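Chain by chain, the residues run as shown.
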Amino acid sequence: MNGKDKNRKLLDGNDLLTAAVLATGFISVVGLIETYRFNKHHSNNGAKKETIEITPTPETKKTLPFKDFVSSLEDEIKKSTKVFIVGHNSPDLDAIGSAIGLHHLVTTYGKKAYIVVDDDETKIEPGTKRIIDENRKKYKIINKNMCKKLIKEEDSPLLIMTDVNKKDMISLGDSLESFRRVFIIDHHSTNEQTVPTKHMYINEEESSASEIVSKVLFAKKIKLVQEVANSLLAGISLDTKRFKQNTTPSTHDVAEKLIAAGADMEYVNNLFLQDFETHCRIQNLIINGTIIKRLSESLLSPIQASFTFNRNNPLEEHVPEDYAKAADQMLKFAGVDAAFVLGYVEPGVIHVSARGNKKVNVGKIMDAIGGGGNAQSAGARIETDNISEVESQILEKAMMVIGSDEKVLEEPQVVKVKQLKYPNK
Ligand SMILES: [Mn+2]
């Protein structure tokens with residue numbers, strides 16, 4: 001190993017890569033520093049079984065036992081007239097699903113609740129967008145400006161953060177002092193960006209924020225309505241990759257109760273259908289500009305990487321999620337050990353999504369061009385007008401990183417992907 005083998009930087013979670021990473025469900029592995037963990041899952045009936053082991057961290061990073069959290073949340077809701085609920089930026093089904101569940105909780109106590117979503121809605125995932133559109137009126141989904149106006153009229157509003165615990169990942173990060181209290185419900189690890197509050201329930205053993213909120217509603221024996229049950233089930237489905245990972249017996253128990261309360265599995269499944277337009281956009285990107293380059297010659301097998309950008313229309317802009325999805329797809333092909341997809345997200349700003357298998361540490365490669373991430377999933381954001389130059393840079397760094405223990409070829413061998421020709425009228 002050579003001197004370039006320095007420690008990789010961890011992303012702090014507020015850049016575009018995070019948005020892309022969030023969209024592809026990799027949040028748990030990027031830039032999150034684990035500081036403490038629960039010993040055991042809490043039990044649903046509130047029996048105080050768990051012992052919480054916490055490394056010396058500030059007082060405010062302590063998470064409350066579930067039962068204590070629920071009763072303090074209940075007390076504070078009762079004292080409030082307006083409660084605001086916010087999930088992470090670039091909301092997904094878990095952020096919005098758990099927020100709708102919390103809205104239902106608050107209104108059950110006869111209080112007003114608002115869900116704050118301040119994102120460009122054209123960039124929100126279609127399933128999440130559908131839930132927002134269908135529930136906007138009844139569940140009072142408002143933007144940050146509207147929220148600020150409402151806060152002004154209020155003496156002591158309450159804020160509940162869900163599916164997020166960090167200040168730089170919410171739209172209200174700069175308005176926290178306007179709230180009397182901040183509550184946090186989350187299943188992600190904490191770090192120095194975590195909002196300091198005594199009122200937090202963070203359990204990384206839970207599948208999702210929606211699972212936690214469901215347990216709060218069940219603990220309070222609150223009757224659900226169909227759209228609440230649907231939204232919560234959608235959140236759990238997303239974060240468990242449809243019950244394929246991160247599930248515990250209690251996750252299935254909660255899902256069963258949500259279905260009994262009226263959740264419609266077919267409705268939830270439909271939220272995951274891939275949007276045809278998105279599919280075409282991503283295939284178009286891949287078809288119009290993918291080349292496969294051999295990076296090194298190994299005795300057993302060569303290492304190859306795919307490089308994708310729209311070579312027919314290099315200035316074309318996409319949302320970062322498109323690049324992330326394209327890179328995920330390219331890595332599924334035999335003979336592709338690393339995939340780099342790049343393109344503009346706005347004029348003069350290029351986003352790179354990188355994915356690697358065990359042979360290629362794309363985190364190191366992205367680090368070398370000023371980005372970051374982990375070994376198998378990383379990215380970068382570069383201000384430039386020269387996309388070909390970025391591609392050459394990545395190629396050069398990739399060969400350097402791989403070449404540290406491989407014999408590097410003088411000239412990379414290029415395999416061109418045949419372009420499809422559509423008849424022009
Ligand atoms: Mn989540």
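Values in this document were obtained by computation on a predicted structure and should not be read as measured data.

Novice: How do you make sense of the overall build of the chain when you look at a structure like this?
Specialist: From N to C terminus, the chain includes 13 helices and 15 strands. Counting only contacts in the chain whose residues sit at least 6 apart along the sequence, the fraction spanning at least 24 positions is 66%.

Novice: I tried to follow helix 2 (residues 66-79) on my own but got confused; where do I start?
Specialist: Quick reminder: α-helices carry 3.6 residues per turn. Residues three or four places apart thus point the same way. Over its 14 residues, helix 2 runs 20 Å from end to end, which matches the ideal 20 Å to within 8%, given 1.5 Å per residue. Within the sequence span of helix 2, burial applies to Phe 66, Phe 69, Leu 73 and Ile 77. One side of helix 2 holds all its buried residues, which, seen down the axis, span an arc of 65°. Seen from the buried face of helix 2, the exposed residues on the opposite side, beyond 90 degrees, are Asp 75, Lys 78 and Lys 79.

Novice: Would you explain the sheet that holds strand 5 (residues 141-142) in this entry?
Specialist: What links the strands of a sheet is backbone hydrogen bonding, and the strands pair in either a parallel or an antiparallel sense. Spatial strand order, 5-4-3-6-7-8: six strands in an open sheet with parallel pairing. The open sheet has two edge strands with one neighbour each: strand 5 and strand 8 (199-202). Taken together, the four bridges between strand 7 (residues 181-186) and strand 8 define a ladder with parallel strand orientation. Across the sheet, residue Ile 185 finds its bridge partner in strand 8, namely Tyr 201.

Novice: Explain the packing of helix 10 (residues 276-287) against helix 11 (residues 320-330) here, please?
Specialist: When two helices pack together, you describe them by how their axes are tilted relative to each other and by the distance separating the axes. Contact geometry of helix 10 with helix 11 gives a least axis separation of 10 Å together with a crossing angle of 65°. Where helix 10 crosses over helix 11, the two elements pack in a sense that is right-handed. Where helix 10 abuts helix 11, its residues Arg 281, Ile 282, Leu 285 and Ile 286 lie against Asp 322, Lys 325, Ala 326, Gln 329 and Met 330. A class-by-class count of the residues in the contact of helix 10 with helix 11 yields five nonpolar, one polar and three charged.

Novice: I tried to follow the pairing of strand 6 (residues 158-162) on my own but got confused; where do I start?
Specialist: Residues in a regular strand point their side chains to alternate faces of the sheet. Among the five residues in strand 6, five count as buried, and that is most of the element. Side-chain alternation along strand 6 places Leu 158, Ile 160 and Thr 162 on one buried face and Leu 159 and Met 161 on a second face that is also buried. Of the pairings in the sheet, the one linking strand 3 (residues 82-86) to strand 6 comprises four bridges and is parallel in character. Within strand 6, the residue paired with Ile 85 across the bridge is Ile 160.

Novice: Please explain the packing of helix 6 (residues 209-219) against helix 8 (residues 249-260) as it appears in this structure.
Specialist: Running from amino to carboxyl end, helix 6 crosses helix 8 at an angle of 60°, the nearest separation of the two axes being 10 Å. Judged on the interaxial angle alone, helix 8 and helix 6 are oblique. Judged by the sense of rotation from one axis to the other, the crossing of helix 6 with helix 8 is left-handed. Together, Glu 211, Ser 214, Lys 215 and Phe 218 of helix 6 and Thr 251, Val 254, Lys 257 and Leu 258 of helix 8 make up the contact between the two elements. Here the residues of the contact of helix 6 with helix 8 sort into three nonpolar, two polar and three charged.

Novice: Got a minute to help me understand the nonpolar core in this structure?
Specialist: Looking at soluble globular proteins, one finds that nonpolar side chains tend to be buried together. Within the largest apolar cluster, 64 residues are counted, with the highest numbers of intra-cluster contacts made by Ile 85, Val 116, Leu 159, Ile 160, Met 161 and Leu 233. With eight residues, helix 3 (residues 93-108) is the single largest residue contributor to this core. Counting residues in hydrophobic clusters, the runner-up holds 35 residues, among them Leu 285, Met 330, Ala 378 and Ile 402.

Novice: Looking at this structure, how should I read unusual backbone geometry?
Specialist: As a rule of thumb, non-glycine residues mostly have phi less than zero, and peptide bonds are mostly trans rather than cis. The phi dihedral of Ser 90 is positive, around 50°, even though this residue is not glycine. Examined against the element boundaries, Ser 90 turns out to sit in the loop between strand 3 and helix 3. For Ser 90, a count of 23 C-beta atoms within 10 Å puts it in the buried group.

Novice: Explanation requested: helix 6 in the structure shown.
Specialist: The buried fraction of helix 6 is high, at nine of 11 residues. Phi for Lys 221, located one or two positions after helix 6, is positive at around 55°.

Calculation notes
- Residue numbers restart at each chain and count upward from 1, following the sequence in its written direction.
- At least 70 in pLDDT is required for a residue's local features to be given in this predicted model, at least 80 for side-chain atom pairs to be given and counted, and no such filter applies to totals for whole chains, interfaces and linings, which use all residues.
- Put simply, DSSP H or I for four residues or longer makes a helix, DSSP E for two residues or longer makes a strand, and each gets a number counted from the N terminus.
- Two residues qualify as being in contact provided that their C-beta atoms, derived from the backbone, are within 7 Å of each other.
- Any helix carries an expected span of 1.5 Å times its number of residues minus one.
- In this scheme the burial state of a residue depends on its C-beta neighbours within 10 Å: 20 or more other such atoms mean buried, 12 or fewer mean exposed, and anything in between means partly exposed; the C-beta positions come from the backbone.
- To be clear, the arc concerns the directions from the helix axis to the C-beta atoms.
- Note on pairing: two strands pair once DSSP finds at least 2 bridges between them.
- Here an axis means a line fitted to C-alpha atoms, over the contact stretch when the element is a helix, while the angle between two N-to-C directions is reported on a 0 to 180 degree scale.
- A clockwise turn of the near helix away from the far one marks a right-handed crossing, whereas an anticlockwise turn of less than a right angle marks a left-handed crossing.
- Note on residue classes: Ala, Val, Leu, Ile, Met, Phe, Trp, Tyr, Cys and Pro are nonpolar, Asp, Glu, Lys and Arg are charged, and everything else, Gly too, is polar.
- Angles below 35 degrees are treated as roughly parallel, those above 145 as roughly antiparallel, those between 65 and 115 as roughly perpendicular, and all remaining angles as oblique.
- For the purposes of this analysis, a nonpolar core is taken to be any set of buried Ala, Val, Leu, Ile, Met, Phe, Trp, Tyr and Cys residues that are connected through C-beta atoms within 7 Å.

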